[in-house]
Amino acid sequence: MNQPSGEELKACCAAAYSSDIVALLLGESHHPGGTALTRRLADGLSLTPDARVLDVASGRGTTALLLADAYGIEVDGVDYAPANTALAQGAAQAAGLADRVRFTTGDAEHLPYPEGVFDAVVCECALCTFPDKARAAAEFARVLRPGGRLGITDVTIDPTRLPAELTGLGARIACIADARPLQDYTEVLAGAGLRTLRTERHDQAMLRMIDQIEARLNLLRMTAPARLTAAGVDLDAAPAVLEAARAAVTDGVLGYALLIAERTGTVKRVV
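Residue positions within a chain follow its written sequence, with the count starting from 1. This being a predicted model, a pLDDT of at least 70 is required before a residue's local features are given, and a value of 80 or more before pairs of side-chain atoms are given or counted; all residues contribute to the totals for chains, interfaces and linings. Side-chain descriptors were evaluated using all non-hydrogen atoms of the structure, hydrogens and water having been removed beforehand.

Looking at the nonpolar core
Working step 1: For this analysis, a nonpolar core means a set of buried residues of the types Ala, Val, Leu, Ile, Met, Phe, Trp, Tyr and Cys, connected via side-chain atoms within 4.5 Å. In this scheme, a residue with accessible area under 20% of its type's maximum is buried, one over 50% is exposed, and one in between is partly exposed, where area comes from a 1.4 Å probe on protein chains only. V56 and F140 are the most contacted members of the largest nonpolar core, which totals 77 residues.
Working step 2: The criterion used for residue contact is that any of the two residues' heavy atoms lie within 4.5 Å. In contact with V56, not counting residues within four places along its chain, are V78, A108, L111, V121, V122, C123, E124, F130 and F140.

So, the packing of aromatic side chains
Working step 1: Each Phe, Tyr or Trp ring (for Trp, its six-membered ring) is paired with any other whose centre lies within 6.5 Å, and the angle between the two planes then decides the class: stacked below 30 degrees, edge-to-face above 60, tilted in between. Taken as a whole, this structure holds one aromatic pair when the rule is applied.
Working step 2: Considering the side-chain rings of Y113 and F118, the 5.2 Å spacing of their centres and the 85° angle between planes classify their relative orientation as edge-to-face.

Digging into the packing of helix 9 (residues 203-223) against helix 11 (residues 238-250)
Working step 1: At a minimum axis distance of 10 Å, the contact between helix 9 and helix 11 shows a crossing angle of 165°. Taken together, the axis directions place helix 9 and helix 11 in an arrangement best described as roughly antiparallel. As helix 9 runs across helix 11, the sense of the crossing is left-handed. Listed contacts from helix 11 to D203, M206, L207, I210, D211, I213, E214, L217 and R221 of helix 9 are A238, P239, L242, A245, R246, V249 and T250.
Working step 2: Only Asp, Glu, Lys and Arg are considered charged in this grouping, and only Ala, Val, Leu, Ile, Met, Phe, Trp, Tyr, Cys and Pro are considered nonpolar; every other residue, Gly among them, is considered polar. Broken down by class, the residue content of the contact of helix 9 with helix 11 amounts to 10 nonpolar, one polar and five charged. Interaxial angle, 0 to 180 degrees, is taken between N-to-C directions of lines fitted to C-alpha atoms, where a helix line uses only the stretch in contact. Under the DSSP-based scheme used, a helix requires at least four consecutive residues in state H or I and a strand at least two consecutive residues in state E, with every element numbered from the N terminus. Just so you know how the angles are binned, under 35 degrees is roughly parallel, over 145 roughly antiparallel, 65 to 115 roughly perpendicular, and the rest oblique. Crossing handedness follows the turn of the near helix against the far one: under a right angle anticlockwise gives a left-handed crossing, and clockwise gives a right-handed one.

As for the pattern of salt bridges
Working step 1: What makes a salt bridge here is a side-chain nitrogen of Lys or Arg within 4 Å of a carboxyl oxygen of Asp or Glu, nothing more. What the rule picks out here adds up to 14 salt bridges.
Working step 2: With a closest N to O distance of 3.0 Å, R198 and E200 form a salt bridge.
Working step 3: Classification of E200 as buried rests on a relative accessible area of 13%.
Working step 4: Among the charged side chains, a network of salt bridges with common partners joins R52, E74, D76 and R102.

What about the pairing of strand 4 (residues 118-124)?
Working step 1: Where burial is concerned, most of strand 4 is hidden: six out of the seven residues are buried.
Working step 2: Where strand 4 meets strand 5 (residues 144-157), six bridges bridge the pair, whose relative direction is parallel. Residue pairing across strands places C123 opposite I152, the latter belonging to strand 5.
Working step 3: Since strand 4 and strand 5 lie parallel, the crossover through helix 6 (residues 133-143) that links them has a hand, and here it is right-handed. By definition, two strands form a pair when at least two bridges between them are found by DSSP. Handedness of a crossover is defined as follows: with both strands directed away from the viewer, a clockwise route from the first strand across the helix to the second makes it right-handed.

Some thoughts on helix 9
Working step 1: Between its terminal C-alpha atoms helix 9 stretches 31 Å, which fits the 30 Å expected from 21 residues at 1.5 Å a residue.
Working step 2: Here helix 9 has its buried residues at A205, M206, L207, M209, I210, I213, L217 and L220. Between the first and last residue of a helix there are one fewer steps than residues, each counted as 1.5 Å, and that sum is the expected span.

Describing the sheet that holds strand 3 (residues 101-105)
Working step 1: Spatially, 3-2-1-4-5-7-6 is the arrangement adopted by the seven strands of the open sheet, whose pairing is mixed. Of all the strands in the sheet, just strand 3 and strand 6 (194-201) have a single pairing partner and so form its edges. On average, each strand axis in the sheet is inclined to that of its neighbour by 20°, with strand direction left out of account.
Working step 2: The pairing of strand 1 (residues 52-56) with strand 2 (residues 74-79) spans five bridges and is classified as parallel. Within strand 2, the position partnered with R52 by the bridge is E74.
Working step 3: Relative to strand 3, helix 5 (residues 82-94) is tilted by about 170°, and along the sheet it contacts strand 2 and strand 3.

Let's talk about the side chain of K133
Working step 1: Within the secondary structure, K133 is located in helix 6.
Working step 2: Taking relative accessible area as the criterion, K133 reaches 4% and is therefore assigned buried.
Working step 3: There is a polar contact of 2.9 Å between the side chain of K133 and the backbone oxygen of F130.
Working step 4: Setting aside residues up to four positions removed in sequence, K133 forms contacts with L127, C128, D178, R180 and V188. Two N or O atoms form a polar contact when they lie within 3.5 Å of each other; inside protein one atom must be a possible hydrogen donor and the other a possible acceptor, and for residues adjacent in sequence the pair counts only when both atoms belong to side chains.

Concerning the confidence of the model for the protein
Working step 1: The pLDDT score gives, residue by residue, the confidence of the prediction method on a 0 to 100 scale. The share of residues in the protein with pLDDT of 70 or more is 83%, and the mean pLDDT across the chain is 86.
Working step 2: At the level of individual helices and strands, the protein shows its lowest average pLDDT in helix 7 (residues 169-173), which scores 48, and its highest in strand 1, which scores 98.

Quick look at helix 11
Working step 1: Look at helix 11: 18 Å from first C-alpha to last across 13 residues, which is about the 18 Å you get at 1.5 Å a residue.
Working step 2: The complete set of buried residues in helix 11 reads A238, L242, A244, A245, R246, A248 and V249.
Working step 3: After helix 11 finishes, the residue G252 shows a positive phi value of roughly 80°.

Overview of unusual backbone geometry
Working step 1: A positive phi is found at S46, a non-glycine position, where the angle reads about 55°.
Working step 2: With respect to the element layout, S46 can be found in the loop between helix 3 (34-43) and strand 1.
Working step 3: For C125, which is not a glycine, the phi torsion comes out positive at approximately 55°.
Working step 4: In this structure, C125 sits in the loop between strand 4 and helix 6.

A closer look at the environment of T156
Working step 1: Mapped onto the fold, T156 is located in strand 5.
Working step 2: Exposure remark for T156: the relative accessible area of 4% places this residue in the buried category.
Working step 3: Each C-alpha atom of the pair T156 and Y185 lies 8.8 Å from the other, and the pair is 29 residues apart in sequence.
Working step 4: In this structure, T156 is in contact with R180, L182, Y185, R201, V253, L254, G255, Y256 and A257, ignoring residues within four places of it in sequence.

Below, the structure is given as structure tokens:
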């Protein structure tokens, strides 16, 4: 079977993460740790009231709206899925934040912004899904001002020990199959001129999300099985996949991490 191209993978991920079923299973934030971890990430960015922040893979706008509301800053969100952009814009209007939050449809590997216009960039649980991580990191650095900070939360794996249940296209869309060890992320960022200042492990947040998905899946199995089937959820395989994920976290194979990095004086281009 032919491997999907980078563009096909991005389209698959975008379609999955803009679906209502994924929103029901993952919750509002779509990532482990929820808004509490988003706040911890934001606190590491040294934000000031006049800051301008970019949220890459902004989804339905949860993080961008939280940052604008809680920190009083200007936020741009960019997402690959037009459906997410529309939902996020509607949410900004409903929250009365449309004057400080803007959403755009775009590609993280080709950000539609000039060089050096942002004081900070955030990217939550998404770098692991980007086919060309080096290019995405270079784009983060390009749009940051010198000394600007990048905040990432993401899935980490030990690829040499990943069980078979957590590989393949479905696992890639679920942020697992193409995740990297924490050290690899810091090296990718360093290659783009982004110096890592701090890393934190938040593996327990991954366990809590697995438990949440299992509970919500069981509820939907009883109340809306047809919706799960229509969304392509394999009800027979799901329990084994969730158990494999839980065991992988316990064994240190799968985890979740927070990284804060800073743009150095030189931005390294990726051709």
